[in-house]
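So the chains spell out like this:
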2 protein chains.
Amino acid sequence: MTHYRLNYLNLIREMGYRLTPQRQIILDTICEQGGHATAREVYERVRQKTPSINRATVYRVLDFFCELNLATKTELNGRTLYEIVGEEPHHHIVCNQCGQAAVVPDEYFNELTAHVWQQHGFKAELKHMVIAGVCRHCQTLNPNT
Amino acid sequence: MTHYRLNYLNLIREMGYRLTPQRQIILDTICEQGGHATAREVYERVRQKTPSINRATVYRVLDFFCELNLATKTELNGRTLYEIVGEEPHHHIVCNQCGQAAVVPDEYFNELTAHVWQQHGFKAELKHMVIAGVCRHCQTLNPNT
DNA sequence: GGGGTTGTTGCGAAAAGTTGCAATAGCAAA
DNA sequence: TTTGCTATTGCAACTTTTCGCAACAACCCC
Ligand SMILES: [Mn+2]
Ligand SMILES: [Mn+2]
Ligand SMILES: [Zn+2]
Ligand SMILES: [Zn+2]
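From a predicted model like this one, the values you see are computed outputs, not experimental measurements.

> Let's hear about the coordination of the manganese ion (ligand 1): which residues, and what values?
Coordination angles at a metal have ideal targets, namely 109.5 degrees for four tetrahedral donors and 90 or 180 degrees for six octahedral donors. Residues and elements named next belong to chain A. Looking at the manganese ion (ligand 1), one finds its protein donor set to be His-36 (NE2), Glu-83 (OE), His-90 (NE2), His-92 (NE2) and His-128 (NE2), positioned 2.1 to 2.2 Å from the metal centre. Mapped onto the sequence, the donors of the manganese ion (ligand 1) take the spacing H-x46-E-x6-H-x1-H-x35-H. When its relative accessible area of 6% is taken as the criterion, His-92 is described as buried.

> Can you break down the coordination of the zinc ion (ligand 4) residue by residue, with the values?
All names here are of chain B. Looking at the zinc ion (ligand 4), one finds its protein donor set to be Cys-95 (SG), Cys-98 (SG), Cys-135 (SG) and Cys-138 (SG), positioned 2.2 to 2.4 Å from the metal centre. Note that the zinc ion (ligand 4) binds four donor atoms; their angles at the metal cover 106 to 113°, and the shape is tetrahedral. If you list the donors of the zinc ion (ligand 4) from N- to C-terminus, the spacing comes out as C-x2-C-x36-C-x2-C. One end of the pair, Cys-98, is in the loop between β4 (90-95) and β5 (101-105); the other, Cys-138, is in helix α6 (residues 136-141), with 40 residues separating them in the sequence. Judged by its relative accessible area of 39%, Cys-98 falls in the partly exposed class. Residue Cys-138 is classed as buried on the basis of its relative accessible area of 6%.

> Any chance you could break down the domain arrangement of chain A for me, citing the residues and the numbers?
Residue and element names in this part refer to chain A. Its domain assignment divides chain A into domain 1 (3-84) and domain 2 (90-141). Contact residues are listed per partner, giving eight residues for domain 1 and nine residues for domain 2. Taken together, both faces of the contact between domain 1 and domain 2 bury some 650 Å²; the carbon and sulfur share is 59%. One can count zero salt bridges joining domain 1 with domain 2. In this structure, the connection of domain 1 to domain 2 is made through seven residue pairs in polar contact (both at pLDDT 80 or more). If you tally residues by element for the side of domain 1 that touches domain 2, the top one is strand β2 (residues 71-76), at four residues. Across the side of domain 1 that touches domain 2, the residue classes tally to one nonpolar, five polar and two charged.

> Lay out helix α4 (residues 55-67) of chain A in plain terms, naming residues and giving numbers.
Residue and element names in this part refer to chain A. If you check α4, its first and last C-alpha atoms are 19 Å apart, about what 13 residues at 1.5 Å a residue would give, namely 18 Å. Regarding α4, the residues found buried are Thr-57, Val-58, Val-61, Leu-62, Phe-64, Phe-65 and Cys-66. Taking the backbone nitrogen of Ala-56 as reference, a side-chain oxygen 2.8 Å away marks Asn-54 as the first, capping residue of α4.

> Describe the protein's contact with DNA strand D, naming the residues involved and giving the relevant values.
Around DNA strand D, 22 residues are found, and the nearest of them are Tyr59(A), Gln22(B), Arg23(B), Thr57(B) and Arg60(B). Thr20(B) places a side-chain nitrogen or oxygen 3.1 Å from a phosphate oxygen of DNA strand D. Contact between DNA strand D and Asn54(B): a phosphate oxygen at 3.2 Å from a main-chain N or O atom of the residue. Only α3 (39-49) and α4 of chain A together with α2 (21-33) and α4 (55-67) of chain B provide two or more residues apiece to the surface near DNA strand D. Each residue belonging to the surface near DNA strand D can be placed in one class, and the counts come to nine nonpolar, five polar and eight charged.

> Provide a residue-level description of the interface of chain B and chain A, including the pertinent values.
Chain B puts 31 residues into the contact, and the matching count from chain A is 31 residues. The contact between chain B and chain A buries some 2800 Å² in all, and 61% of this surface belongs to carbon and sulfur atoms. Among the residues of chain B in contact with chain A, Tyr108(B), His120(B) and Phe122(B) are the three that bury the most area, contributing 24% of the side total. Our count for the chain B to chain A interface comes out at twelve residue pairs in polar contact (both at pLDDT 80 or more). Those elements giving two or more residues to the side of chain B that touches chain A turn out to be β4, β5, α5 (110-120), β6 (123-124), β7 (130-134) and α6 of chain B. With seven residues, α5(B) is the single largest residue contributor to the side of chain B that touches chain A. Broken down by class, the residue content of the side of chain B that touches chain A amounts to 19 nonpolar, seven polar and five charged. Inspection of the sheet shows strand β7 (residues 130-134) of chain A paired to β6(B) by two bridges, in the antiparallel sense. Counterpart to Val134(A) in the pairing with β6(B) is Lys123(B).

Calculation rules
Residues numbered from 1 in each chain as written. Chains lettered and ligands numbered in written order. Predicted model: local features only at pLDDT ≥ 70, side-chain atom pairs only at ≥ 80, totals over all residues. Heavy atoms only, no water. Donors = N, O, S within 2.8 Å, 3.2 Å for Na, K, Ca; no water. Buried < 20%, exposed > 50% of the residue type's maximum accessible area, 1.4 Å probe, protein only. Tetrahedral: all angles 85-135°; square planar, octahedral: opposite > 155°, others 65-115°. Helix = DSSP H or I, 4+ residues; strand = E, 2+ residues; numbered from the N terminus. Domains from an automatic or database assignment. Contact = heavy atoms within 4.5 Å. Buried area = accessible area lost by both parts, 1.4 Å probe. Salt bridge = Lys/Arg side-chain N within 4 Å of Asp/Glu carboxyl O. Polar contact = N/O pair within 3.5 Å; in protein donor to acceptor, adjacent residues only side chain to side chain. Nonpolar A, V, L, I, M, F, W, Y, C, P; charged D, E, K, R; others polar. Expected span 1.5 Å × (residues − 1). Near = heavy atom within 4 Å. Pairing = 2+ DSSP bridges.

This is the structure we're talking about:
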């Protein structure tokens, strides 16, 4: 949140990009929101503070943050969600039936990362994965299929 | 391809859904296309055969196929791609730098599936995952970062 | 502080994707 | 073959996302 703000703003300039007020406002907005937010939610909040900011700018800045690995963009339950990247990357399991989402740690992917590295020399950079399936609760409710 | 056609068409009816000409045409079109196809590509091809088919129908049928696990919908390199599901599920590794995509087998995900099962009682149903990262080639070209 | 370079923004319009609703047409049953 | 039920489609309007381009403004240098 506020903690990362300075680091992130510095990062932008260190990478040779310009630190515009739009980028600062949008960054702050995502941080305030906390957790996942849609482009629409970010835009609505942003325009309340600064109505002059254009919708296209919000989309472009969100993509820009993803490019810098400062945020992630993920499809979850049919919604496209943005989230600020913290120190520890995390991922989600999402139930196909009830839609409930839970967090899972990055370590679950260690073996997968090892496989693609050994077999393909591919350096996986897993940011914000979504694992679809059926949660414990829905399995007991619906023990067929 | 043609091989699956009958099975798929039967599946639709066995599940209690209606076998409409639109669904057959769209299924054939994805099969002909082979591999990944965007909604737009499918729509363009479909309308050449049968211009009366509406764009909304194409989107709805594509979603319908995904619902039945007859197809998958995946974001890859900024494009939303549909693909017919074959006997063996497969996944992809995609290079963030050059965009090259390769196929990886389902077994790479076995440990991940085991983790979420043991820790969360979650039954993962991995269909068509995309693992982002840097391919071998781009690593040698660009050994920084 | 003023000036030049060029990355970014706002704007308008187009493209992509979604939705509600009335008309159509599968398909099962008679 | 005909009939009835209702899932599915086409249509049109709507929302969401993208794009090209001219105007703007960070940032660097003097
Ligand atoms: Mn998350
Ligand atoms: Mn594929
Ligand atoms: Zn559930
Ligand atoms: Zn590459």
